[in-house]
Amino acid sequence: MMKTTSHLSAVHRILLILSGLALVAVIFLPIWRIELDAAQYPEGLELQIYSNKLAGQVDIINGLNHYIGMKTLHAEDFIEFTVLPYIILFFALAFLLTGFVQNRKLLYGLFFCFLLFGVAALVDFYIWEYNYGHQLDPSAPIKVPGMSYQPPLIGYKQLLNFGAYSIPDIGGWIFILCGIILAFCTVQEWQNNKTLKLK
């Protein structure tokens, strides 16, 4: 006779609850950072992206962008900063609920939604960077034929005399870690349930 249970293991429940609490912190921490290095800025320039705002040397970067025709950065221009805190809070509560309710189907649904959101967020970020780097003001003081200034999605890219680094910040690393933990719990629970069904 097949044995089955919808309850999660104690370890997985604890991991999910801790991840949910960690995701609450992500709302208040920088999620992504873009660093710009050039000889005239030996200490570098930094743009930090939070769930609801931009931080770092935003004014200096906007001043530099003016010369090459890039749009200036203002948090109010991005709808993402309005909805992202609520999306993160939703996932934080979903992690906590899954940990407390101990339902395997709920876990599978959470994993699917979290994965879908991660892909959608990267696509949205890429589109934003593409538009930001390609939609240039034709009347800009500095024009380089055929040149675009799209920052890298992740990693390093040379943009004229600036080296641009795009990497997760502390909030982003926490978000990634929570995703890894969720994937681990999901795979382990699926394997455990499959084993029980064979007994």
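Higher on the page you've got the structure.
First, a word on what this report is: a plain description of the structure on this page. On a predicted model such as this, the values are computed, not experimentally measured, just so you know.

### Let's talk about the sheet that holds strand E2 (residues 41-49)
Taking strand neighbours across the sheet as the criterion, the five strands line up as E3-E2-E1-E5-E4 in an open arrangement whose pairing is antiparallel. Either end of the sheet is taken by a strand with one partner, and the two such strands are strand E3 (54-56) and strand E4 (155-159). For this sheet, the mean inter-axis angle between neighbouring strands, taken without regard to orientation, is 20°. With six bridges joining them, strand E1 (residues 32-38) and E2 adopt antiparallel strand pairing. When the bridges of E2 are listed, Ile 34 appears paired with Leu 47. Across the sheet, helix H2 (residues 58-68) is in contact with E1, E2, E3 and strand E5 (162-168); its angle to E2 comes to roughly 105°. Sheet strands in contact with helix H4 (residues 104-134) are E1, E2 and E5, and its direction is about 35° off that of E1.

### Re H4
Residues spaced three or four apart along an α-helix point in a common direction, a consequence of the helix completing one turn every 3.6 residues. For H4, spanning 31 residues, the distance from its first C-alpha to its last is 45 Å, which sits close to the expected 45 Å at 1.5 Å a residue. Taken together, the buried positions of H4 are Arg 104, Leu 107, Leu 110, Phe 114, Phe 117, Phe 125, Trp 128, Glu 129, Tyr 132 and Gly 133. The N-capping residue of H4, defined by a side-chain oxygen 2.9 Å from the backbone nitrogen of Lys 105, is Asn 103.

### Here's the deal with unusual backbone geometry
Of note, the phi angle at Gln 102 is positive, near 65°, even though the residue is not glycine. Among the structural elements, Gln 102 can be located in the loop between helix H3 (80-101) and H4. The class of Gln 102 is partly exposed, set by a relative accessible area of 21%.

### Here we look at a nonpolar patch on the surface
Taken together, the side chains of Leu 115, Val 119, Val 123, Tyr 126, Ile 127 and Tyr 130 make up a nonpolar region of the molecular surface, amounting to roughly 550 Å² of accessible area. The class of Ile 127 is partly exposed, set by a relative accessible area of 44%.

### Looking at the nonpolar core
Formed by 22 residues in total, the largest nonpolar core has its most connected members in Leu 36, Leu 47, Leu 54 and Leu 73. Those elements giving two or more residues to this core turn out to be E1, E2, H2, H4 and E5. At four residues, the largest contribution of residues to this core is made by E1. In this structure Leu 36 touches Gly 44, Leu 45, Ile 61, Phe 162, Gly 163 and Ala 164, once residues within four positions along its chain are discounted.

### Details of the packing of aromatic side chains
As enumerated under the stated definition, the model contains 14 aromatic pairs in all. Pairing Phe 78 with Trp 128 gives two aromatic rings, centres 5.6 Å apart and planes at 65°, and the pair type is edge-to-face. Here Trp 128 lies in helix H4 and Phe 78 lies in the loop between H2 and H3, a separation of 50 residues in the sequence. Of the aromatic side chains, those joined through ring pairs into one cluster are Trp 32, Phe 78, Phe 81, Phe 125, Trp 128 and Tyr 132. Geometry around Tyr 50 places Lys 53 over its ring, the cationic atom sitting 4.8 Å from the centre.

### Focus on the pattern of salt bridges
Per the stated rule, a full pass over the model turns up four salt bridges. Between Arg 33 and Glu 35 there is a salt bridge, with its nearest N and O atoms 2.9 Å apart. Where Arg 104 meets Glu 189, a salt bridge forms, and the shortest distance between an N and an O atom there is 2.9 Å. Remark: Glu 189 occurs in helix H5 (residues 170-198) and Arg 104 occurs in helix H4; sequence separation between them is 85 residues. There is no split in this pair, since Arg 104 and Glu 189 are both buried. One connected set of salt bridges, linked through shared partners, spans Arg 33, Glu 35, Glu 46 and Asp 169.

### Looking at the pairing of E1
Among the seven residues that make up E1, five are buried, leaving the element largely enclosed by the rest of the structure. Counted along the chain from E1 to the antiparallel partner E2, the turn is two residues long.

### Observations regarding the pairing of E2
In summary, the side chains of a regular strand alternate between the two faces of the sheet. The sheet contact formed by E2 and E3 spans three bridges and is antiparallel. Looking at E3, one finds that Ile 49 is bridged to Leu 54. The loop that links E2 with its antiparallel partner E3 comprises four residues.

Calculation notes
- Residues numbered from 1 in each chain as written.
- Predicted model: local features only at pLDDT ≥ 70, side-chain atom pairs only at ≥ 80, totals over all residues.
- Heavy atoms only, no water.
- Pairing = 2+ DSSP bridges.
- Helix = DSSP H or I, 4+ residues; strand = E, 2+ residues; numbered from the N terminus.
- Axes fitted to C-alpha atoms, helices over the stretch in contact; angles between N-to-C directions.
- Contact = heavy atoms within 4.5 Å.
- Expected span 1.5 Å × (residues − 1).
- Buried < 20%, exposed > 50% of the residue type's maximum accessible area, 1.4 Å probe, protein only.
- Polar contact = N/O pair within 3.5 Å; in protein donor to acceptor, adjacent residues only side chain to side chain.
- Patch = residues over 30% accessible without salt bridge, like charges linked within 9 Å, V, L, I, M, F, W, Y side chains within 5 Å.
- Areas by Shrake-Rupley, 256 points an atom, 1.4 Å probe, with all protein chains shown as cover.
- Salt bridge = Lys/Arg side-chain N within 4 Å of Asp/Glu carboxyl O.
- Core = buried A, V, L, I, M, F, W, Y, C linked by side-chain atoms within 4.5 Å.
- Phe/Tyr/Trp six-rings, centres within 6.5 Å; stacked < 30°, edge-to-face > 60°.
- Lys NZ or Arg CZ within 6 Å of the ring centre and 35° of its normal.

Interpretation in functional terms is not warranted from these geometric data alone.
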